[in-house]
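If you want the building blocks of each chain, they are given just below.
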2 protein chains.
Amino acid sequence: MRACAYVTQRQVAEEAGVSRTTVSLVLNAVPDAHISPPTRQRVLDAARRLDYYPDAAARRLASGKTRTIALVWHRAPDQTYRDAFLPGLLDGISRAARRYGYHVLFRPVAVDEPNGTYVELARGRHTDGLVLSGPRSDDDRLHRLHAQGFPLVLHGRLQDTEIPSVDVDNVRGAMTAVNHLLGLGHRRIGLITNAPTVYAASQQRLDGYRRALEEADIVYDEALVRQGNFDEESGYTAVIDLLTLKHPPTAVFIASDMVAIGALRALQEQGFSVPSRTAVVGFDDITAARFITPALTTVHVPTFGLGWSAGELLIRIIEGDQPHQIHVELDTELVVRESCGAAPPHRPGPLRGCYVNER
Amino acid sequence: MRACAYVTQRQVAEEAGVSRTTVSLVLNAVPDAHISPPTRQRVLDAARRLDYYPDAAARRLASGKTRTIALVWHRAPDQTYRDAFLPGLLDGISRAARRYGYHVLFRPVAVDEPNGTYVELARGRHTDGLVLSGPRSDDDRLHRLHAQGFPLVLHGRLQDTEIPSVDVDNVRGAMTAVNHLLGLGHRRIGLITNAPTVYAASQQRLDGYRRALEEADIVYDEALVRQGNFDEESGYTAVIDLLTLKHPPTAVFIASDMVAIGALRALQEQGFSVPSRTAVVGFDDITAARFITPALTTVHVPTFGLGWSAGELLIRIIEGDQPHQIHVELDTELVVRESCGAAPPHRPGPLRGCYVNER
DNA sequence: CCGCTTTAGTAACGCGCGTTACCATTATAC
DNA sequence: GTATAATGGTAACGCGCGTTACTAAAGCGG
């Protein structure tokens, strides 16, 4: 395996018959450098002829900037659910990065890893900033990094912090879902949360549910509320619990598709056919939502947009632009499919549901 | 946004009362350096006290190694299908990288990007090696990189090349699927390919289908074969075409879950209920396979394993170990669910299918 | 012609670290 | 006691590039 021969600035300089400084000035298009057009052209030609690429390490060392951002991806017990977001998020971040001339480092953090091992990326100057997805609230090294002025953006808001963040507007998303069910005539609408309400997103979706009911003059009834826990199983048991009520809800808003999928299964097993007897609306719009039967009506989370926003916000912070908004909230979009009863249940054709992912 | 103050080796040296050289020798645990235990300890203490992390750029420049590998992810028209592999693959690569002390750069290549823009990663010394997923056969810069001795690993084999690669054993995977159907008593087994057979994987899965039939002394009948094209729609139309036969197959092996999902839809619409009238086995085991009705029996592709193998193989090459195998083929595993008719159709509980993803 | 500014380009420094060559001081061998 | 080796450590170089300070030549007004 022969080692690659790399072309350096010095070689370009020799080829062009100028000094190395001149090469640097030309290739970086330094504004106030006095380089005559012919010289300039000679340098450019030489660089092209030799297929010159600057050495990233040298450039970073000299400039003090890595032009790299990193995505720190906290793996968690709810992984299947989180995996659904990764491709879109990463694509969004990467595209934003590329747009501004940055590279992207990916750093998963395993469940059993001690807190804050990723700080090496920051302190070791591998990256100019971090996007953290799935931050842990007990992560003190995170706050220390922020206190030191290291550029950070969170995906998924952490409570009580001034660290910039990017997330969907969970309250409005939940309201859209519930309003849709209200619009279909439902009055007894159950709720299964996506997770325990210690999670900020979970609490927010609950809030949205309550606000939508409130605005429709329906009193909030805690008997119709159950707690999900990221996975199918939690939805399965939660909805069965709901069905034991004397008056089970005619519709259920389930604040996570993964949980909803478990719930759908239980509903069908118990003879509560969806949507004819019980309408269901989920949240997240994971890929499987389109494929399950009945196809799941759900609140679409713009994963690409979240990635893009996180990347762009982070880069702005790195480059010292004072962003006007340090907490970005993106809008969701209701995707009407079959499970809510508003769409024709069996449109022939390969796709189910009126919505096709925009990418 | 206050700039971070970074700790350098020099500061550690001062704190410990030794020279910078000594610090470097101690922290890198240089074998033949003569450092007394007390001095050694003083340096370690000082480094810890100051929370010292070496500057990545400086280290790269001095050592000539980036200790970074990159995943080049070719986005393509079949994106939904490929996205299903990204989380596992990336996790596998990252874990392998971390195991060997490497970092991972992620670089998506958009559909409309000109060929070979990613070579900047290599030539600019951002990375010591590349994993390319979804390589294009007309990518001449790829071959040039390889000819220059730059470490490369392909995910998905390219024909006629000596570039190291990692993939599943498509032939055996297809054979497993078809053998399973044969074992259930089926004799007329149709095939819908995952893609046009110019794709190597597609041809291999077709080969596996043929070999399985051959070994069962069943003559290959081209009338039972249709071509898929990555997406649901292609499966939808392909299977409808199969159903126009006087004697439609009693079982269909569909070499892609995505294509199979479209086919399932068509079968159900046409009254060919699955699995009672037509058995179906897919390939890939995408997340949706578990959730569709009936749950799809399919050939599981170990995405994590592929990523791990690619990462490990690449790092071996980078570090000069001559790997004994430059083309790694991983085994698949048949996941029996409902669509083949071998599993009980309605086991109560939140999960469908006997298989739970191992992660 | 002189002094001043502008133009065109270069020499030299430093980024932080790995590494090699080198220098003192002791221990060891004879 | 002296030659030799081992021990403990340091000074200095170079990695490739960005950048600053400087020089030399040319333009230009008086």
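See the structure printed just above.
Residues numbered from 1 in each chain as written. Chains lettered and ligands numbered in written order. Predicted model: local features only at pLDDT ≥ 70, side-chain atom pairs only at ≥ 80, totals over all residues. Heavy atoms only, no water.

Asks: If you had to explain the protein's contact with DNA strand D to someone new, which residues and values would you point to?
Replies: Residues in close proximity to DNA strand D total 24 residues, the closest being Gln9, Arg20 and Tyr52 of chain A together with Thr22 and Thr39 of chain B. Here DNA strand D approaches the protein such that, of its atoms within 4 Å, sugar and phosphate make up 48%. Within the side chain of Thr21 of chain B, an N or O atom sits 2.9 Å from a base nitrogen of DNA strand D. Of all elements in the fold, only helix H2 (20-27) and helix H4 (56-63) of chain A together with helix H2 (20-27) and helix H4 (56-63) of chain B reach the threshold of two or more residues within the surface near DNA strand D. Counting residues per element, the surface near DNA strand D draws most heavily on H2 of chain B, at four residues. (Near = heavy atom within 4 Å. Polar contact = N/O pair within 3.5 Å; in protein donor to acceptor, adjacent residues only side chain to side chain. Helix = DSSP H or I, 4+ residues; strand = E, 2+ residues; numbered from the N terminus.)

Asks: Explain the interface of chain A and chain B to me, using residue names and the numbers behind them.
Replies: Across the contact, 69 residues belong to chain A and 70 residues belong to chain B. Counting each side, the surface lost to burial between chain A and chain B is near 6,600 Å², with a carbon and sulfur contribution of 56%. With a shortest N-O distance of 3.3 Å, Arg75 of chain A and Asp91 of chain B are connected by a salt bridge. Put simply, chain A and chain B have 20 residue pairs in polar contact (both at pLDDT 80 or more) between them. Partitioning the side of chain A that touches chain B into residue classes produces 34 nonpolar, 13 polar and 22 charged. (Contact = heavy atoms within 4.5 Å. Buried area = accessible area lost by both parts, 1.4 Å probe. Salt bridge = Lys/Arg side-chain N within 4 Å of Asp/Glu carboxyl O. Nonpolar A, V, L, I, M, F, W, Y, C, P; charged D, E, K, R; others polar.)

Asks: Go over the environment of Asp257 of chain B with me, naming the residues and quoting the values.
Replies: All names here are of chain B. Examined against the element boundaries, Asp257 turns out to sit in helix H12 (residues 257-269). The class for Asp257 is buried, based on a relative accessible area of 0%. Sequence spacing of Asp257 and Leu330 is 73 residues, and the spatial spacing of their C-alpha atoms is 19 Å. (Buried < 20%, exposed > 50% of the residue type's maximum accessible area, 1.4 Å probe, protein only.)

Asks: Talk me through the sheet that holds strand E6 (residues 189-192) of chain A; I want residue IDs and the actual numbers.
Replies: Residues and elements named next belong to chain A. One open sheet accounts for six strands, arranged E7-E6-E8-E9-E10-E12; its pairing is mixed. Either end of the sheet is taken by a strand with one partner, and the two such strands are strand E7 (225-226) and strand E12 (333-335). Examined bridge by bridge, strand E10 (residues 297-300) and E12 share three bridges and lie antiparallel to one another. Paired with Val299 across the bridge in E12 is Leu334. Sitting on the sheet, helix H9 (residues 170-183) touches E6, strand E8 (251-254), strand E9 (279-284), E10 and E12, and the angle it makes with E9 is about 165 degrees. Along the sheet, helix H10 (residues 200-215) contacts E6, E7, E8 and E9; its crossing angle with E6, the most-contacted strand, is approximately 175 degrees. (Pairing = 2+ DSSP bridges. Axes fitted to C-alpha atoms, helices over the stretch in contact; angles between N-to-C directions.)

Asks: So what's going on with the nonpolar core? Residues and values would help.
Replies: Residues Tyr209 and Phe253 of chain A together with Tyr209 and Phe253 of chain B are the most contacted members of the largest nonpolar core, which totals 156 residues. Leu121, Ala122, Leu142 and Leu158 of chain A belong to the second-largest nonpolar core, a separate cluster that totals 36 residues. (Core = buried A, V, L, I, M, F, W, Y, C linked by side-chain atoms within 4.5 Å.)

Asks: I'd like a description of the sheet that holds strand E8 (residues 251-254) of chain B, backed by residues and values.
Replies: Residues and elements named next belong to chain B. Taken in spatial order, the six strands make up an open sheet running E7-E6-E8-E9-E10-E12, and their pairing is mixed. Strands with a single pairing partner mark the edges of an open sheet, and in this sheet they are strand E7 (225-226) and strand E12 (333-335). Pairing between strand E9 (residues 279-284) and strand E10 (residues 297-300): four bridges, direction parallel. By the bridge assignment, Val281 is partnered in E10 with Thr297. Strands strand E6 (189-192), E7, E8 and E9 of the sheet are contacted by helix H10 (residues 200-215), whose axis makes an angle of about 175 degrees with E6. Running over the sheet, helix H11 (residues 232-243) touches E6, E7 and E8 and is turned about 150 degrees from E6.

Asks: Help me get a handle on the relation of the copies chain A and chain B, residues and values and all.
Replies: After a rotation of 180 degrees and a shift along the axis of 0.1 Å, chain A superposes on chain B with an RMSD of 0.1 Å. Each copy turns onto its partner about a two-fold axis. Both copies present the same face, since 100% of the interface residues in chain A are matched by interface residues at the equivalent positions in chain B. (Least-squares fit on C-alpha atoms with pLDDT ≥ 70 in both.)

Asks: Explain the environment of Glu319 of chain A to me, using residue names and the numbers behind them.
Replies: Residue and element names in this part refer to chain A. Tracing the backbone shows Glu319 in the loop between helix H14 (303-318) and strand E11 (327-330). Spatially, the C-alpha atom of Glu319 lies 29 Å from that of Thr332, the residues being 13 residues apart in sequence. Setting aside chain neighbours within four positions, we find Glu319 in contact with Arg67 and Tyr102.

Asks: For helix H8 (residues 140-147) of chain A, give the residues involved together with the corresponding values.
Replies: Where H8 of chain A begins, the capping side chain belongs to Asp139 of chain A, and its oxygen is found 3.3 Å from the backbone nitrogen of Arg141 of chain A. Two residues or fewer past H8 of chain A, Gly149 of chain A is found with a positive phi of approximately 85 degrees.

Asks: Can you break down the protein's contact with DNA strand C residue by residue, with the values?
Replies: With respect to spatial proximity, 24 residues lie near DNA strand C, and among them Thr22 and Thr39 of chain A together with Gln9, Arg20 and Tyr52 of chain B are the closest. Restricting attention to atoms of DNA strand C within 4 Å of the protein, one finds that 52% of them are sugar or phosphate atoms. Within the side chain of Thr21 of chain A, one N or O atom sits 2.9 Å away from a base nitrogen of DNA strand C. The contact in question runs from a phosphate oxygen of DNA strand C to an N or O atom on the backbone of Gln9 of chain B, over 2.6 Å. Within the residue set of the surface near DNA strand C, elements represented by two or more residues are H2 and H4 of chain A together with H2 and H4 of chain B.

Asks: I'd like a rundown of unusual backbone geometry, residues and numbers included.
Replies: For the bond from Val274 of chain B to Pro275 of chain B, the omega torsion is 5 degrees, close enough to zero to count as cis. Along the chain, Pro275 of chain B turns up in the loop between H12 and E9. With an omega of -10 degrees, the peptide bond running from Thr293 of chain B to Pro294 of chain B counts as cis. Structurally, the position occupied by Pro294 of chain B is in the loop between helix H13 (288-291) and E10. The phi dihedral of Phe230 of chain A is positive, around 75 degrees, even though this residue is not glycine. Tracing the backbone through its elements, the reader meets Phe230 of chain A in the loop between E7 and helix H11 (232-243). Classification of Phe230 of chain A by relative accessible area gives buried; the value is 15%. At Asp284 of chain B, a position not held by glycine, the phi torsion is positive, near 120 degrees. As for its placement among the helices and strands, Asp284 of chain B is situated in strand E9.

Asks: Could you give an account of the packing of aromatic side chains, naming the residues involved and the relevant values?
Replies: For the structure on display, the rule yields twelve aromatic pairs over all chains. On the numbers, 6.2 Å between centres and 75 degrees between planes, the contact of Tyr209 of chain B with Tyr220 of chain B is edge-to-face. Taken as a pair, Tyr209 of chain B in helix H10 and Tyr220 of chain B in the loop between H10 and E7 lie far apart in primary sequence, eleven residues in all. What makes Tyr209 of chain B buried here is its relative accessible area of 1%. In this structure Tyr220 of chain B comes out as partly exposed when scored by relative accessible area, which is 26%. Between the aromatic rings of Phe304 of chain B and Trp308 of chain B, the centroid separation amounts to 6.5 Å while the plane-to-plane angle is 25 degrees, which identifies the pairing as stacked. Remark: Trp308 of chain B and Phe304 of chain B occur in helix H14 (residues 303-318); sequence separation between them is four residues, near one turn of the helix. Taken together, the aromatic side chains of Tyr81, Phe85, Tyr199 and Phe230 of chain A make up a single cluster linked through ring pairs. One residue, Arg82 of chain A, lies across the ring of Trp73 of chain A, its end atom 4.2 Å from the ring centre. Stacked on the ring of Tyr100 of chain B, the Lys or Arg Arg99 of chain B has its end atom at 5.4 Å from the ring centre. (Phe/Tyr/Trp six-rings, centres within 6.5 Å; stacked < 30°, edge-to-face > 60°. Lys NZ or Arg CZ within 6 Å of the ring centre and 35° of its normal.)

Treat this as a map of the structure, not an account of what it does.
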